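Listed below, chain by chain, are the residues.
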Amino acid sequence: MTDITKITSGSLIAADKVEGTNVYNPQGDKLGTVEDIMIDKTSGRAVYAVMSFGGFLGIGEKNHPLPWSTLRYDERKGGYVVNLDKKMLEAAPTYDRTGDFVWTPDYGRQVDKYYNVPTSWI
């Protein structure tokens with residue numbers, strides 16, 4: 001079978017290539033790494049990037065859902081840039097990586113409100 005990632009180019013990227021991509025602030029500081037992508041089942045649109053942030057050597061890291069619209073890909077960095085700093089991320093909505101978290105529309109609206117982006121949840 002052909003590797004699907006070999007056929008992507010331009011502005012397309014395979015989801016498994018996004019996982020593990022670094023996320024930086026505009027100053028070039030690494031904030032975290034994309035762990036997953038949340039895709040709307042109906043539209044097929046990427047809505048959130050789930051970024052790991054915090055902790056030390058993987059201990060104490062939390063998942064930070066970032067609205068996809070807040071990320072901009074920077075080819076020079078080979079990663080995404082968000083206009084955030086560590087202090088803002090420390091206060092952002094998170095969920096524990098080991099818990100039994102259930103995503104709800106209310107939680108999505110809370111994330112969107114925190115980052116001041118239009119909500120995609122009805």
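Above this text sits the structure in question.
Rules used in this analysis
- Numbering of residues starts from 1 in every chain and runs along the sequence as written.
- Only residues with pLDDT of at least 70 are given local features in this predicted model, and only at 80 or more are side-chain atom pairs given and counted; all residues enter the totals for whole chains, interfaces and linings.
- Side-chain metrics in this entry use all non-hydrogen atoms of the structure; hydrogen atoms and water are not considered.
- Only DSSP runs of H or I reaching four residues or more are called helices, and only runs of E reaching two or more are called strands; each is numbered from the N terminus.
- Exposure is judged per residue with a 1.4 Å probe applied to protein chains only, and the accessible area is read against the type maximum: over 50% gives exposed, under 20% gives buried, and values in between give partly exposed.
- Two residues qualify as a contact provided that any one of their heavy atoms is within 4.5 Å of a heavy atom in the partner residue.
- Each accessible area is a Shrake-Rupley result for a 1.4 Å probe, and residues are judged covered by the shown protein chains and nothing else.
- For Phe, Tyr and Trp, where Trp contributes only its six-membered ring, two rings pair if their centres lie within 6.5 Å, and the inter-plane angle classes them as stacked under 30 degrees, edge-to-face over 60, or tilted in between.
- Note: two strands are recorded as paired if DSSP finds a minimum of 2 bridges between them.
- Only the contacting stretch of a helix is used when fitting its axis, a line to C-alpha atoms as for every element, and angles between N-to-C directions run 0 to 180 degrees.
- The charge count treats Lys and Arg as positive and Asp and Glu as negative. His and the chain ends do not count.
- The term salt bridge refers to a side-chain nitrogen of Lys or Arg lying within 4 Å of a carboxyl oxygen of Asp or Glu.
- Two N or O atoms form a polar contact when they lie within 3.5 Å of each other; inside protein one atom must be a possible hydrogen donor and the other a possible acceptor, and for residues adjacent in sequence the pair counts only when both atoms belong to side chains.

Draft legend 1. Region of the structure containing the overall build of the protein chain. Broken down by element type, the protein chain carries three helices and seven strands. Start at the N end of the protein chain and walk to the C end: the helices and strands fall as α-β-β-β-β-β-β-α-β-α. Counting only residues that meet the buried cut, the protein chain has 34% of its 122 residues in that class. Contacts spanning at least 24 positions in sequence make up 41% of the contacts within the protein chain whose residues lie at least 6 apart. When the accessible surface of the protein chain is totalled, it reaches about 8100 Å², and 51% of it is carbon and sulfur.

Draft legend 2. Up close: the environment of I39. Note that I39 resides in strand β2 (residues 30–39). With near-sequence residues (within four places) excluded, I39 lies in contact with G44, R45 and A46.

Draft legend 3. The packing of aromatic side chains, seen in detail. For the coordinates displayed, the defined rule picks out five aromatic pairs. Between W103 and Y107, the ring centres sit 5.0 Å apart and the planes meet at 85°, which makes this aromatic pair edge-to-face. Assessed through its relative accessible area of 18%, W103 is described here as buried. Ring centres of Y114 and Y115 lie 5.1 Å apart, and the angle between their planes is 85°; this geometry places the pair in the edge-to-face category. Judged by relative accessible area, which is 27%, Y114 ranks as partly exposed. Overall, the relative accessible area of 9% leaves Y115 in the buried class.

Draft legend 4. The arrangement of the sheet that holds strand β3 (residues 46–53) in detail. Taking strand neighbours across the sheet as the criterion, the seven strands line up as β5-β6-β1-β2-β3-β4-β7 in an open arrangement whose pairing is mixed. Edge strands, defined here as strands with exactly one partner in the open sheet, are β5 (72–74) and β7 (95–96). Of the pairings in the sheet, the one linking β3 to strand β4 (residues 62–67) comprises six bridges and is antiparallel in character. Its bridge partner lying in β4, A49 is registered against L66. Along the sheet face, helix α3 (residues 105–114) touches β3, β4 and β7 and points at about 70° away from the line of β4.

Draft legend 5. The side chain of D112, seen in detail. Relative to the helices and strands, D112 is located in helix α3. Buried D112, no salt bridge; nearest opposite-charge side chain is R109, N-O distance 7.8 Å. Reaching out from D112, the side chain makes a polar contact with the side chain of Y48 at a distance of 2.8 Å.

Draft legend 6. Looking closely at unusual backbone geometry. Here the phi dihedral of N116 falls at roughly 55°; this positive angle occurs in a residue that is not glycine. Relative to the helices and strands, N116 resides in the segment after α3.

Draft legend 7. Main features of the pattern of salt bridges. Evaluated as defined, the whole model comprises three salt bridges. Between K77 and D74 there is a salt bridge; the shortest N-O distance is 3.8 Å. Assessed through its relative accessible area of 32%, K77 is described here as partly exposed. One salt bridge in this structure joins D106 and R109, with 2.4 Å as the shortest N-O distance. Taken together, the residues D106 and R109, both in helix α3 and three residues apart, mark about one turn of the helix. When its relative accessible area of 29% is taken as the criterion, R109 is described as partly exposed. The structure contains a network of salt bridges with shared partners spanning D74, R76 and K77.

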